[in-house]
Amino acid sequence: MFTVADARRCAVDLFMQSAILKTQPRSSLTLDADVLLQRFLNKPRAWLFAHDDADISPIREAFCAAAERRCTGLPIAYITGEKDFWGLSFQVTPDVLIPKPDTELLVERSLVIIREKAAALRQDQTLFILDPCTGSGCVAISILHTLELEGIRNICCIAADISPAALAIARLNAQRLLPAETQRRLYIFEGDMCTLPETITRFQKLLRSGESRCSETAGGIFSPPLPHDLLRFDLIAANPPYVPSTLTQELLKDGRNEPALALNGGSDGLDFIRILTNNTRTVLNRNGVLLSEVGEYHAKAASKLFETAGFSDVRIHQDLASQDRLIEGVSEQPGVSQKPVTFSLSLTGHSERSCRKPDALN
C-alpha cells in the first residue's frame, strides 16, 4: 500500500537529499510534492489533505520517477508539462521559458492600453498588436483570451519568435486555449526581432501572395484586413531576453534547463532592449506604445534607452513585489528608419541570435 501521506513524505525526503533542493524551505518542497501528486491524480490540493490515507499504489512508480527528476533541479512545470499563467494552463517544454507571475504585469498593462485604443476606433478599424518574443505564447494568448471575454474583437495579434520549436508550443497553446474565432485573430509567425522592419515586410508579402500555410496560423485563416503600406502596430508587448550573460550562466547551474538564449540579454542584459527601442518605432503607428519587461537591476538604464530612441511619456511600472519590471514608451509619430542594431551572443561556444524569452522568460 502506498498512500498520499507516503508519497508526500517520500518525495520530500528525496528533495532534502538533493544538493540542489536541500537548501529550500520544507514548505516549498512539500508544495512541489503536492503539485506532482495533483498532476498524477488529477485532484486539487485540498483533496490531498482530506485523503492522506488514500491508496495511490498505481501511480507510485511514475510519481517516484518524477520526484527523482525534480531532484536534478528540473522545474516542476517541465515535469508536468504545464504552467498556470493569467488563470490559464499553458503547455511548456524546455524549448520555452516557463511563464512567470512577473510577466502578468505585461499582460495587465497591455489590456489597459488596448481597451483605451479600442474604445476610440471606428467599427471598420482594427488594432494591430505585436508580441515579438512569444515563446509559449502566454502573453499574446492571455491578451486575446481576456479581450474575447470582454467582447473586444477588432484586434489582430501577431506573435513572432525565432525558434520553430517555441512556435510549435505557442500554436498548440493557442489551439487549446482560444476559441476558434479568436484564433483567427492570431497569427503565429517565425521572425527575427533583430531585423524587425524587414521581418514585418516579409510577413506582409507572404500573406498577400497567398503562400501562407494554414498551419502557420493558430486558427487556419488570417482574417483581419491588412493595410496596403507597411504594417504598423498600435502596441508592441515584448518580453525579450534581459538577463546579463554572467547571471544567466549562474542561474542555469541549478539544473532548471530553461533555454539560455531565451534568457541571455548580453553583458548588461540590455542588448535586446536596445534592439527594441531602435527598431520598433519604424513599425509603430502614431501614438503607438512599446512595452518591454526588464530586470529590476537595469530598469532605469532601460528607460533611458527608450528616451534616447525618441519615445515620449516613458514610464517604469512595478510588479507586485514593488520591483521595477516594465518600461512603457509612446511613439508620437512613426519613426524614421534607423540602422538595425544587431549582435551575436555566444554562451556555449556557438553564436546565435535569439528574440526569445516566453516567456517569458519569466
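This is a predicted model, so every value here is computed, not measured.

What counts and how
Residues numbered from 1 in each chain as written. Predicted model: local features only at pLDDT ≥ 70, side-chain atom pairs only at ≥ 80, totals over all residues. Heavy atoms only, no water. Helix = DSSP H or I, 4+ residues; strand = E, 2+ residues; numbered from the N terminus. Buried < 20%, exposed > 50% of the residue type's maximum accessible area, 1.4 Å probe, protein only. Lys, Arg positive; Asp, Glu negative; His and termini not counted. Salt bridge = Lys/Arg side-chain N within 4 Å of Asp/Glu carboxyl O. Polar contact = N/O pair within 3.5 Å; in protein donor to acceptor, adjacent residues only side chain to side chain. Contact = heavy atoms within 4.5 Å. Core = buried A, V, L, I, M, F, W, Y, C linked by side-chain atoms within 4.5 Å. Phe/Tyr/Trp six-rings, centres within 6.5 Å; stacked < 30°, edge-to-face > 60°.

Quick look at the side chain of aspartate 234
In step 1: Assignment of secondary structure puts aspartate 234 in strand β6 (residues 233-238).
In step 2: The buried charged residue aspartate 234 lacks any salt bridge, with lysine 117 as its nearest oppositely charged partner at 5.3 Å.
In step 3: There is a polar contact of 3.2 Å between the side chain of aspartate 234 and the side chain of asparagine 285.
In step 4: Residues within four places of aspartate 234 in sequence aside, it is in contact with Lys117, Thr126, Leu127, Phe128, Leu284, Asn285, Gly288 and Val289.

Description of the nonpolar core
In step 1: Grouped together as the largest cluster of nonpolar side chains are 36 residues, with contacts concentrated most on Ile114, Ile155 and Leu186.
In step 2: Core analysis: the next-biggest nonpolar cluster, separate from the first, contains 33 residues, Phe189, Leu206, Phe233 and Phe272 among them.

With respect to the side chain of aspartate 319
In step 1: Among the structural elements, aspartate 319 can be located in the loop between β8 (312-318) and β9 (324-331).
In step 2: The buried category is assigned to aspartate 319, whose relative accessible area is 9%.
In step 3: A distance of 2.9 Å separates a polar atom in the side chain of aspartate 319 from the backbone nitrogen of alanine 321.

Considering the packing of aromatic side chains
Describing an aromatic ring pair means giving the distance of the ring centres and the angle of the ring planes.
In step 1: Enumeration according to the criterion identifies four aromatic pairs in this entry.
In step 2: Between the aromatic rings of phenylalanine 40 and phenylalanine 63, the centroid separation amounts to 6.4 Å while the plane-to-plane angle is 80 degrees, which identifies the pairing as edge-to-face. Taken together, the positions of phenylalanine 40 in helix α2 (residues 26-41) and phenylalanine 63 in helix α4 (residues 60-71) put the pair 23 residues apart, joining distant regions of the chain.
In step 3: Taking 5.4 Å as the distance between ring centres and 50 degrees as the angle between the ring planes, the aromatic pair formed by phenylalanine 306 and phenylalanine 311 counts as tilted. Phenylalanine 311 matches phenylalanine 306 in its accessibility class, with the two residues each being buried.

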